[in-house]
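# Structural features, examined
Below are the chains, spelled out letter by letter.
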Amino acid sequence: MNLTVTGAPTGVQAAVTPSQVTTGGSATLTLNVAATAATGTHTITVTAQGTVTRTATFTLVIGDGGGSGTWSAGTAYAVGALVTYNGVGYRCVIAHTSQSTWTPDVTPALWART
């Protein structure tokens, strides 16, 4: 299967190695994010194309380090996502979709203060 990666925003180099795998094989996705990359949430897609086509999608969150986004319930957060909750900055340590009772101040398994 031939592997390709798409969706990397300007300032992000994305590569998947090796670029070809056989059924049951594995590959590594590498993302190099420049300091000038735009903050925000981006969808990265790895496509494996052969006799069938398979895709895997990943969410890349680029923050400014200051917890500029406001935490909200029902949001999918990736590892490294930065949010502000009650005036305090937090960094996501486990990818998850937030629930109303999983606020950063009471779920240290999901969030670390910045």
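Residues numbered from 1 in each chain as written. Predicted model: local features only at pLDDT ≥ 70, side-chain atom pairs only at ≥ 80, totals over all residues. Heavy atoms only, no water.

## What to know about the sheet that holds strand 4 (residues 40–49)
Convention followed: Paired strands are those between which DSSP finds at least two bridges. For the purposes of this entry, the term helix denotes a DSSP run of H or I that reaches at least four residues, the term strand denotes a run of E that reaches at least two, and both are numbered from the N terminus. Lines are fitted to the C-alpha atoms to define the axes, a helix being fitted only along its stretch in contact, and any angle between axes, read from their N-to-C directions, falls within 0 to 180 degrees.
With respect to topology, 3 strands assemble into an open sheet ordered 1-4-5, the strand pairing being antiparallel. Either end of the sheet is taken by a strand with one partner, and the two such strands are strand 1 (2–6) and strand 5 (53–62). On average, adjacent strands in this sheet sit at an angle of 15° to one another, irrespective of strand direction. The sheet contact formed by strand 4 and strand 5 spans 10 bridges and is antiparallel. From the neighbouring strand, Thr41 faces strand 5, where its bridge partner is Val61.

## Looking at the packing of aromatic side chains
Our working definition: Stacked, tilted and edge-to-face pairs are distinguished by plane angle, under 30 degrees for stacked and over 60 for edge-to-face with tilted covering the rest, among Phe, Tyr and Trp rings (Trp via its six-membered ring) whose centres lie within 6.5 Å. For each residue, the accessible area found with a 1.4 Å probe, counting protein chains only, is set against the maximum for its type, and the residue is called buried under 20%, exposed over 50%, and partly exposed in between.
One pass over the full model with this rule turns up 2 aromatic pairs. Between Trp71 and Tyr85, the aromatic rings sit 5.5 Å apart at their centres with planes inclined by 85°, giving edge-to-face as the arrangement. Residue Trp71 is found in the loop between strand 6 (69–70) and strand 7 (76–77), and its partner Tyr85 is found in strand 8 (residues 82–85); the two are separated by 14 residues along the sequence. Note on Tyr77 and Trp111: the rings are 5.0 Å apart at their centroids and 75° apart in plane angle, and the pair reads as edge-to-face. One end of the pair, Tyr77, is in strand 7; the other, Trp111, is in strand 11 (residues 111–113), and 34 residues separate them in sequence. Here the two residues Tyr77 and Trp111 agree in accessibility, since each one is buried.

## As for the nonpolar core
Cut-off, in case you're wondering: Only buried residues count toward a nonpolar core, which is a set of Ala, Val, Leu, Ile, Met, Phe, Trp, Tyr and Cys residues joined through side-chain atoms within 4.5 Å. Contact between two residues is taken to exist if any of their heavy atoms lie within 4.5 Å; hydrogens are not considered.
If you look at the biggest cluster of nonpolar residues, it comprises 9 residues: Trp71, Tyr77, Ala81, Val83, Tyr85, Tyr90, Cys92, Leu110 and Trp111. Of all the secondary-structure elements, those providing two or more residues to this core are strand 8 and strand 9 (88–92). Contacts of Tyr85, omitting those with residues within four sequence positions, involve Trp71, Tyr90, Thr103, Pro104 and Asp105.

## Quick notes on the sheet that holds strand 6
Taken in spatial order, the 4 strands of this open sheet run 6-8-9-11, and their pairing is mixed. Every other strand in the sheet has two partners, leaving strand 6 and strand 11 as the edge strands with one partner each. Sheet topology note: the strand 8/strand 9 ladder contains 4 bridges and is antiparallel. Within strand 9, the residue paired with Val83 across the bridge is Tyr90.

## Some details on the environment of Asn32
Structurally, Asn32 is set in strand 3 (residues 28–33). In this structure, the C-alpha to C-alpha distance between Asn32 and Ile44, residues 12 residues apart in sequence, is 13 Å.

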